[in-house]
Amino acid sequence: DVEEGTKYCGYSYENAATTCTAPCPTGLSSECPQGMSCYSHTPCEDTGSFYCGVSWNNAASSCRYPCPSGTDEDCPANTNCYAYTNCDETDSFMCGTTFEDASGRCERPCPSGNSVDCPYGESCFTHTTCDPNGGDPSDPDSPNYDPARDPNSPDYDPATDPDSPDYDPDATRAPTPDPYIPGDSYYCGTSFLEASSECTHP
């Protein structure tokens, strides 16, 4: 039995599965616009990753306006609804003063993607390099190791350690990271996912 909500029209299965704009709940191609066929088992019911933007990259990096219906009507003016962004993968959304700062500290998650969840002077950065399963930042063997969080390190700073009674969420750590330059993150690929995971062709 075919799962409800997975049947969509398209010129091909790939077209139906990536546009998700014309449902055909009966499974009959006669429900589809001329030239299209009805395809089942599409991932179109998984709309948690559908977001608005001026481009797919913009939607996937800002993660600001969800469009669960899959239609542009859910979106602000001059934007469109894009399917299968990675906006539903919020484990790496972190607060920081810059992208590098958020990726380097990995201390304060902001799964909503909204900067109001961050301390004063910080913003929420999506898709940082933080590994939420990377382990304890005070453990030297952890991929998330941070000497400023390790009480046995000469670089330990109790003001930046959330487990310390002297923790100060507004404390700034020296040295200040270099400013994030968006141009440094432009990489080639056949898709956003390939470009962002390979990072081999600037």
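Calculation criteria
Residues numbered from 1 in each chain as written. Predicted model: local features only at pLDDT ≥ 70, side-chain atom pairs only at ≥ 80, totals over all residues. Heavy atoms only, no water. Helix = DSSP H or I, 4+ residues; strand = E, 2+ residues; numbered from the N terminus. Buried < 20%, exposed > 50% of the residue type's maximum accessible area, 1.4 Å probe, protein only. Contact = heavy atoms within 4.5 Å. Areas by Shrake-Rupley, 256 points an atom, 1.4 Å probe, with all protein chains shown as cover. Core = buried A, V, L, I, M, F, W, Y, C linked by side-chain atoms within 4.5 Å. Disulfide = S-S within 2.5 Å. Phe/Tyr/Trp six-rings, centres within 6.5 Å; stacked < 30°, edge-to-face > 60°.

Undergrad: Before we move on, could you go through the overall build of the protein and cite the residues and values that matter?
TA: Along its length, the protein carries four helices and six strands. Listing each helix as α and each strand as β along the protein from the N terminus yields β-α-β-β-α-β-β-α-β-α. Looking at the protein residue by residue over its 202 residues, the buried ones come to 33%. Intrachain contacts of the protein at a sequence separation of at least 6 include 50% that bridge at least 24 residues. Total accessible area computed for the protein in this model is approximately 12000 Å², and 50% of it derives from carbon and sulfur atoms.

Undergrad: Pulling in residues and values, what's your account of the nonpolar core?
TA: Membership of the largest hydrophobic core is limited to 10 residues, which are Y8, A16, C20, C44, F50, C52, C67, C75, C81 and A83. Excluding residues within four positions of it along the chain, C75 makes contact with C52, C67, N80 and C81. The next biggest cluster of nonpolar side chains, apart from the first, holds nine residues, and it includes Y51, A59, C87 and F93.

Undergrad: An account of the environment of C63 is needed here, citing residue identities and associated values.
TA: For C63, the location among the structural elements is in the loop between helix 2 (56-62) and strand 4 (80-82). On the accessibility criterion, C63 (8% relative accessible area) is buried. Between the C-alpha atoms of C63 and C52, which are 11 residues apart in sequence, the distance is 7.6 Å.

Undergrad: How would you explain the state of the cysteines if you had to name every residue and give the values?
TA: Scanning the model with the defined rule gives six disulfides in all. Paired through a disulfide, C95 and C118 show a sulfur-sulfur distance of 2.0 Å. Its S-S torsion of approximately -80° makes the covalent link between C95 and C118 left-handed. Residue C95 is located in strand 5 (residues 94-96), and its partner C118 is located in the loop between helix 3 (99-105) and strand 6 (123-125); the two are separated by 23 residues in the primary sequence. There is no split in this pair, since C95 and C118 are both buried. Residue pairing for C110: its cysteine sulfur links by disulfide to C124, the two sulfurs lying 2.0 Å apart. On the sign convention where negative means left-handed, the S-S torsion of about 90° between C110 and C124 marks this disulfide as right-handed. Taken together, the residues span a long stretch of sequence, with C110 in the loop between helix 3 and strand 6 and C124 in strand 6 at a distance of 14 residues. In this structure C110 comes out as buried when scored by relative accessible area, which is 0%. The exposure class of C124 is buried, given its relative accessible area of 12%.

Undergrad: So, the packing of aromatic side chains: which residues are in play, and what are the values?
TA: For the coordinates displayed, the defined rule picks out two aromatic pairs. Consider the rings of F99 and F125, whose centres lie 6.4 Å apart with planes at 80°: the pair is edge-to-face. With F99 in helix 3 and F125 in strand 6, this residue pair connects regions lying 26 residues apart in the sequence. Residue classification places F125 among the buried positions, given a relative accessible area of 17%.

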